[in-house]
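# A closer look at the structure
So you can see what is in the structure, the chains are spelled out below.
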Amino acid sequence: MLILLIHQQEFSQFLKKRAQLEEEHANSLKKLCKSSHENMQRGEHRGGTFGKAYEEMLMVHERMADNGLMFATSLHQMSEDLNELAQVADKSRKGWKQSGLAAEQRVAELEAAMRKSKSKYDALAEEYDRARTGDTSGRQGGKMFGFKGHKSGAQHEEDLLRKAQAAEQDYQGKVQVAASERSELEAKTRPETVQALQDLIRECDSGLALQMQKFGKRFANSCWGIMVFNMVCSLL
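I will try to describe carefully the structure that is included in this document. In every chain, residue numbers begin from 1 and rise along the written sequence. With pLDDT at 70 or above as the cut-off, local features in this predicted model cover only qualifying residues; side-chain atom pairs require 80 or more to be listed or tallied, and sums for whole chains, interfaces and linings still use all residues. Side-chain numbers here rest on the full set of heavy atoms in the structure, without hydrogens or water.

### Observations concerning the overall build of the chain
When helices and strands are counted, the chain shows three helices and zero strands. Accessibility here uses a 1.4 Å probe with only protein chains present; expressed as a share of the type maximum, an area under 20% marks a residue as buried, one over 50% as exposed, and anything in between as partly exposed. Looking at the chain residue by residue over its 236 residues, the buried ones come to 25%. For helices the rule is a DSSP run of H or I covering at least 4 residues; for strands it is a run of E covering at least 2, with both sets numbered from the N terminus onward.

Listed below in structure tokens is the structure:
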């Protein structure tokens, strides 16, 4: 996609510079024809076969200059059309890229939150299992509890169970949300983004090909005008 946009910009710049050259040449040619025609109005150049042939040649050159200006105008328009197409396509490309990356980032963040939630649930479940089985390896200093401590231990066990159940629910909720978002990403967002970018590529490619065809046709017509001029000169 980026390469195609670069190609469009390159051809657009070529058309712009080519139009400037053509315009400069046509204006210079018109000035030359004007000054030559003024010179021919002098008495020493009036009349005769040379004067007539020379005036006809100048008229042909003036038509060539007019055709050159028309050619330059069309090249300027083609350059502007390509620029506009490239700008619209690039803006659309950036928009699809931004929305696609945002969707990818959202799924990544949801899955990261899901993994974090699972770690929290696993830690609480392990701690609850130790409290339930009476495993004191995780208790500070390996202290044993008396009756009062046993009551506190039971309360601690219930508290851990409650926290573990809440963590499990939170984890399952995050699993569902992450799975739903990933499913939409893979089934909808990614295909739509790819399709949109492919459509942009085809549109840019068609636009570039069209402008190149126009240039070829107009250039051929310009060359045909030169050939006609050469034919006229050969008849003089």
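### Here's the deal with the pattern of salt bridges
Salt bridges, as used here, are contacts in which a Lys or Arg side-chain nitrogen is within 4 Å of a carboxyl oxygen on Asp or Glu. Throughout the structure, instances matching the rule amount to 15 salt bridges. Linking lysine 30 and aspartate 66 is a salt bridge whose minimum nitrogen-to-oxygen distance equals 2.8 Å. Of this pair, lysine 30 sits in helix H1 (residues 2-40) while aspartate 66 sits in helix H2 (residues 48-133), placing them 36 residues apart in sequence. Taken together, the salt bridges that share partners define one network made up of Asp90, Arg93 and Lys94.

### Brief notes about the environment of serine 36
Of note, serine 36 is situated in helix H1. Taking the relative accessible area as the measure of exposure, serine 36 reaches 10% and is therefore buried. Residues contacting serine 36, with those up to four places away along its chain left out, are Tyr54 and Leu58. Each polar contact in these results corresponds to two N or O atoms within 3.5 Å; when the atoms are within protein, one needs to be able to donate a hydrogen and the other to accept it, and residues that are neighboring in sequence are counted only if both atoms are side-chain atoms. A polar atom in the side chain of serine 36 sits 2.8 Å from the backbone oxygen of leucine 32. By definition, residues are in contact when any of their heavy atoms lie within 4.5 Å.

### Regarding the packing of H1 against H2
Interaxial distance between H1 and H2 falls to 7 Å at its minimum, and their mutual angle equals 160 degrees. Judged by the inter-axis angle, H1 sits roughly antiparallel to H2. When you trace H1 past H2, the crossing you get is left-handed. Split into classes, the residues belonging to the contact of H1 with H2 amount to 23 nonpolar, twelve polar and ten charged. Axes here refer to lines fitted to C-alpha atoms; in helices the fit is confined to the stretch in contact. Angles between the N-to-C directions go from 0 to 180 degrees. If an angle is under 35 degrees, it is roughly parallel; if it is over 145, roughly antiparallel; if it lies from 65 to 115, roughly perpendicular; otherwise it is oblique. Note on convention: near helix rotated counterclockwise from far helix by under a right angle means a left-handed crossing. Clockwise means right-handed. Classes in brief: Ala, Val, Leu, Ile, Met, Phe, Trp, Tyr, Cys and Pro nonpolar; Asp, Glu, Lys and Arg charged; the others, Gly included, polar.

### Observations concerning the environment of alanine 209
Residue position: alanine 209 is located in helix H3 (residues 147-235). Judged by its relative accessible area of 33%, alanine 209 is partly exposed. Sequence separation between alanine 209 and glutamine 8 is 201 residues, and the spatial gap between their C-alpha atoms is 9.7 Å.

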